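Chain by chain, the residues:
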Amino acid sequence: MENLPLTSNVRKDLPIKPSTSYQSVKQAKKLAARNVGISSDDDMIDITTSGTMTERTLNQRSPINLPGIDVIFAATLNFGSGETEDIPGIGQYEDFHTIDWQRDIARDRQRHRYILKRRQNSFIDLIKSAHDAWSGWLCVLLVGLVTGTVAAIIDIGTSWMSDLKFGICPQAFWLNMEQCCWSSNETSIELDKGNCSQWLYWSEFLTSSNYGTFAYIISYLFYIAWALLFAALAAGLVRMFAPYACGSGVPEIKTILSGFIIRGYLGKWTLLIKSVGIMMCVSAGLSLGKEGPMVHIASCIGNILSYLFPKYGRNEAKKREILSAAAAAGVSVAFGAPIGGVLFSLEEVSYYFPLKTLWRSFFCALVAAFVLSSINPFGNEHSVMFYVEYHRPWMFFELIPFIGLGIIGGVIATIFIKCNIRWCRFRKSSILGQYPVLEVLLLTAVTAVLSYPNPYTRMGTSKLIYLLFSQCDVSSHDGLCDYTTEKANVAGPGVYTSMILLSMAFILKLVTTIFTFGIKVPCGLFIPSLAMGGITGRIVGIFMQQLAAKHPHLWFFDNSCGLPGQEDCITPGLYAMVGAAAVLGGVTRMTVSLVVIMFELTGGVRYIVPLMAAVMASKWVGDALGKEGMYDAHIQLNGYPFLDSKEEIVHTALAADVMQPRRAESLNVLTQSSMSLEDIEILLKETEHNGFPVVISRESQYLVGYVLRRDLQLAIENAKRTIDGLLPESLVFFTDVTQQIMPSPLKLKKILDMAPITITDQTPMETVVDMFRKLGLRQTLVTHNGRLLGVITKKDILRYIKQVDNEDPSSVLFH
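Keep in mind that what you see is a predicted model, and the values were worked out from it rather than measured.

Scoring rules and cut-offs
Residues numbered from 1 in each chain as written. Predicted model: local features only at pLDDT ≥ 70, side-chain atom pairs only at ≥ 80, totals over all residues. Heavy atoms only, no water. Helix = DSSP H or I, 4+ residues; strand = E, 2+ residues; numbered from the N terminus. Contact = heavy atoms within 4.5 Å. Areas by Shrake-Rupley, 256 points an atom, 1.4 Å probe, with all protein chains shown as cover. Pairing = 2+ DSSP bridges. Salt bridge = Lys/Arg side-chain N within 4 Å of Asp/Glu carboxyl O. Buried < 20%, exposed > 50% of the residue type's maximum accessible area, 1.4 Å probe, protein only. Core = buried A, V, L, I, M, F, W, Y, C linked by side-chain atoms within 4.5 Å. Polar contact = N/O pair within 3.5 Å; in protein donor to acceptor, adjacent residues only side chain to side chain. pLDDT = per-residue confidence, 0-100. Disulfide = S-S within 2.5 Å. Phe/Tyr/Trp six-rings, centres within 6.5 Å; stacked < 30°, edge-to-face > 60°.

Asker: Please explain the overall build of the protein chain as it appears in this structure.
Answerer: Within the protein chain, the regular secondary structure consists of 31 helices and eleven strands. At a minimum sequence separation of 6, the contacts of the protein chain that also span at least 24 residues come to 74%. Carbon together with sulfur atoms contributes 61% to the accessible area of the protein chain, which is approximately 33300 Å² in total.

Here it is as structure tokens:
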């Protein structure tokens with residue numbers, strides 16, 4: 001039976017247990033607002049989209065025009081007919097509610113059967129059937145095209161604004177440093193030496209010189225000023241126009257894909273502000289990345305475009321198939337890794353991922369990567385971000401340092417996660433959380449002041465990672481490539497100086513990222529994690545390289561390193577790549593998708609085994625030291641109703657121990673034929689349940705079906721307007737009525753779900769939790785020998801899991 005929409009002045013959710021009144025939903029929205037930096041109820045009006053009731057509407061208690069009940073009943077009985085498309089709101093849910101996967105999937109199947117049945121009636125029906133068949137492919141095609149275009153704009157804008165902190169191109173101010181110097185004869189561009197005549201640093205622009213103490217101070221001040229300007233603009237835009245545009249977005253996308261409704265989180269304003277804000281935040285030099293937010297941006301695009309196709313826009317379960325494909329496209333354009341994007345969506349974010357969605361995700365990621373490659377925002381022939389050009393084979397003994405890097409990566413990731421979660425928890429409970437813009441500005445100022453003196457933190461993080469992954473050659477001028485001899489690769493003083501600077505850069509990146517991730521601007525953690533791991537790996541790689549150069553006859557080198565006429569066998573850039581994967585794997589707990597992303601990201605296909613070894617070691621260490629990755633930790637911190645399919649329930653509770661109400665408490669139900677209209681209205685007024693079980697009588701309590709609260713309210717309000725002679729004492733029937741009854745009864749059988757999911761009171765909770773995870777249930781009814789005992793809702797499941805883990809059950813505030 002289809003969920004009937006009800007736009008009224010009552011917002012409810014959980015059945016049986018009265019825990020979701022208007023006030024409790026308001027509290028939940030306040031908590032969500034606090035997570036995104038809102039401080040007033042007036043601000044909350046802006047975070048809802050059209051068709052969603054706002055707080056102001058709720059307070060005004062405005063009258064509501066509802067469609068005729070007969071039309072609704074017909075649509076309920078014959079869902080999938082053309083009539084249903086003319087009724088707005090069919091199948092929609094309230095804000096901060098969970099969806100019923102089984103109901104929505106059943107609706108789509110019924111609609112599909114209806115279309116197939118009618119396609120032979122006329123040519124128009126045949127066209128409608130064909131359109132329904134390929135609308136999914138067309139939707140993901142559009143998502144891929146738009147996502148690739150938006151990603152290219154973000155890449156180009158980020159590159160230009162990042163270089164704007166250092167100088168300007170007088171001939172064409174819209175060009176970044178590299179593009180400005182393409183017309184110059186110089187082949188190498190160095191940040192400090194300014195050997196490109198077409199590009200003017202700010203010190204040159206003002207003092208005609210790029211050398212000396214005064215020029216350094218001028219450049220330093222401009223660097224800080226531009227960083228503060230970009231950060232202030234980003235924080236202000238997020239604060240005023242799109243509070244949901246802050247953060248990474250991946251934890252919320254995971255929760256939304258699991259069946260949670262957050263209106264406005266994937267809206268057009270969020271898309272616009274997050275796209276502009278992430279360019280400014282990266283350009284400000286904050287320790288964050290734009291790759292994680294690209295998943296959120298792509299999901300916004302998928303959500304907006306899904307409304308062009310009612311098959312997806314009006315069905316929340318079907319819409320999540322498009323969102324899964326969009327998430328894959330987001331990773332695809334973020335790293336130039338379409339296959340890794342599909343695996344990321346499958347492994348990390350998606351909750352429901354059928355085979356059809358797998359193929360459409362692959363197609364969407366492919367289209368997005370193709371569009372990005374065609375626009376060529378990097379200005380080179382490679383579509384990947386950190387292309388590596390070394391092809392030396394790795395040796396078997398190197399698995400030991402690779403696994404060691406995995407262990408180090410797991411430890412670094414655990415420290416990072418624990419410190420960040422503690423800081424975010426402190427921010428939420430302290431006065432600091434009330435001034436999000438001030439926090440952003442202070443953090444930006446500190447980061448800029450500390451970053452500029454070190455050339456490895458002054459440059460963009462993506463450029464730093466590319467430098468760490470690169471192989472030294474004769475054209476290299478960085479201190480990392482200061483070797484005394486070409487073949488033995490004995491490090492010179494520049495290498496050791498660079499190692500000290502890199503160590504300082506690692507400490508700064510770790511500390512600033514702990515305080516940065518979670519502030520009220522768009523921010524991701526992929527790039528900072530790769531940078532921390534890359535620094536660690538490069539230092540370890542240089543150590544191994546010098547060990548091989550100075551002691552080539554050690555037994556594990558097998559006489560193949562550093563001898564006359566032989567190439568050096570150790571590649572420090574490979575260690576940087578492995579270390580980057582190790583830290584990122586420890587932070588996110590990704591495995592297969594991360595390995596694929598890394599070899600697509602760098603083009604180093606032959607180094608899959610080292611990457612696998614490091615990622616697995618990192619995950620094992622991370623799981624041993626900490627329970628969850630960063631995204632899952634933030635889901636728990638924010639109290640989102642997410643049932644992790646990877647968690648195992650080891651306790652032996654039964655359904656009767658978890659259900660509401662308890663055995664000694666009374667159960668609010670409807671009877672099939674003995675309640676008056678006044679009785680039901682009193683029950684609706686005095687209780688706050690999302691739905692009511694219908695039983696034969698209060699004495700027998702044998703289950704007949706289940707009716708949703710909003711369906712019941714909609715039916716009653718429409719019946720009062722359309723049925724003459726309806727009185728408060730009129731009986732309400734949920735069964736067929738043949739005899740004449742006075743006064744006129746109200747017949748509501750058509751809104752009754754006669755096949756609700758039921759379990760017995762002796763069902764183990766392991767089974768119940770699996771049912772909620774795999775079937776996507778909102779609630780299930782508990783019976784004993786056919787008699788109704790109670791209800792278990794998704795929130796009851798979350799409370800139970802919290803209690804099993806010895807955590808606070810009241811931390812789950814959303815419904």
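Asker: Before we go on, may I ask you to explain the sheet that holds strand E5 (residues 691–695) in this structure?
Answerer: Each strand in a sheet pairs with its neighbour through backbone hydrogen bonds, running either in the same direction (parallel) or in the opposite one (antiparallel). Here we have three strands laid out as an open sheet, ordered E3-E5-E6, and mixed in their pairing. Pairing within the sheet leaves two strands with one partner each, and these edge strands are strand E3 (670–671) and strand E6 (703–708). Where E3 lies against E5, two bridges are found, and the strand directions are parallel. Following the sheet pairing, Thr 671 is matched in E5 by Val 695.

Asker: Got a minute to help me understand the pattern of salt bridges in this structure?
Answerer: Opposite charge on two side chains allows them to pair when their charged atoms are near. Enumeration according to the criterion identifies 23 salt bridges in this entry. Among the salt bridges present, the one from Arg 107 reaches Asp 104, with a minimum N-O distance of 3.4 Å. Of this pair, Arg 107 and Asp 104 both sit in helix H5 (residues 101–118), three residues apart, which is roughly one turn of the helix. For the pair shown, Arg 107 and Asp 104 are each scored as buried. What you see here is one network of salt bridges that share partners, running through Asp 108, Arg 111, Asp 132, Lys 318 and Glu 321.

Asker: Help me out: how do you make sense of the nonpolar core in this one?
Answerer: Here is a general trend for soluble globular proteins: nonpolar side chains tend to be buried in one another's company. By size, the foremost hydrophobic cluster in this structure holds 147 residues, and its most contacted members are Phe 335, Phe 344, Phe 469, Leu 530 and Met 598. Here the element with the most residues in this core is helix H23 (residues 572–588); it accounts for eleven residues. One finds Leu 684, Ala 719, Leu 748 and Leu 752 within the second-largest nonpolar core, a separate group that totals 21 residues.

Asker: It is not clear to me how the pairing of E6 should be interpreted in this structure. Could you clarify?
Answerer: Residues in a regular strand project their side chains so that they alternate between the two faces of the sheet. With five of six residues buried, E6 lies mostly within the body of the structure. Here five bridges tie E5 to E6, and the two strands are oriented antiparallel to one another. Its bridge partner being in E6, Val 694 is matched across the sheet by Gly 705.

Asker: For this particular structure, what's the right way to read the environment of Glu 291?
Answerer: Among the secondary structure elements, Glu 291 is positioned in helix H12 (residues 291–306). A polar side-chain atom of Glu 291 sits 3.4 Å from a polar atom in the side chain of Lys 290.

Asker: I tried to follow the confidence of the model for the protein chain on my own but got confused; where do I start?
Answerer: Atom-level detail of predicted coordinates should not be read off regions where pLDDT is low. Taken over all residues, the pLDDT of the protein chain has a mean of 80, while the share at 70 or more is 82%. Segment residues 1–25 is flagged for pLDDT under 50; beyond a separation of four residues in sequence, or across chains, it makes 113 contacts in the model. Long-range and interchain partners of residues 187–194, a stretch whose pLDDT sits below 50, account for 20 contacts in this model, where long-range means more than four residues apart.

Asker: Would you mind going over the state of the cysteines with me for this structure?
Answerer: Defined simply, a disulfide is a covalent bond joining two cysteines at their sulfur atoms. Applying the stated criterion to the full structure yields one disulfide. A sulfur-sulfur distance of 2.1 Å marks the disulfide that ties Cys 169 to Cys 180. On the sign convention where negative means left-handed, the S-S torsion of about 75° between Cys 169 and Cys 180 marks this disulfide as right-handed. Taken together, the residues span a long stretch of sequence, with Cys 169 in the loop between strand E1 (167–168) and helix H7 (177–180) and Cys 180 in helix H7 at a distance of eleven residues. An identical accessibility class is assigned to Cys 169 and Cys 180; each is buried. With no disulfide of its own, Cys 523 lies 7.4 Å from the sulfur of Cys 281, the closest cysteine sulfur. Judged by relative accessible area, which is 0%, Cys 523 ranks as buried.

Asker: Please clarify how the packing of aromatic side chains should be interpreted in this entry.
Answerer: Aromatic rings considered in pairs are described by the distance between their centres and by the relative angle of their planes. Overall, the coordinates contain 22 aromatic pairs when judged by the stated rule. Measuring from centroid to centroid gives 6.2 Å for Phe 96 and Phe 260, while their planes differ by 55°, and the two rings are tilted. With Phe 96 in the loop between helix H4 (69–77) and H5 and Phe 260 in the loop between helix H10 (250–257) and helix H11 (268–283), this pair connects stretches of sequence that are 164 residues apart. The buried category is assigned to Phe 96, whose relative accessible area is 2%. Consider the rings of Phe 166 and Tyr 223, whose centres lie 5.6 Å apart with planes at 45°: the pair is tilted. Highlighted residues: Phe 166 in the loop between helix H6 (123–164) and E1 and Tyr 223 in helix H9 (residues 213–241), separated in sequence by 57 residues. The class for Phe 166 is buried, based on a relative accessible area of 11%.

Asker: How should the environment of Ser 129 be read in this particular structure?
Answerer: Structurally, Ser 129 is set in helix H6. Sequence separation between Ser 129 and Tyr 114 is 15 residues, and the spatial gap between their C-alpha atoms is 9.8 Å.

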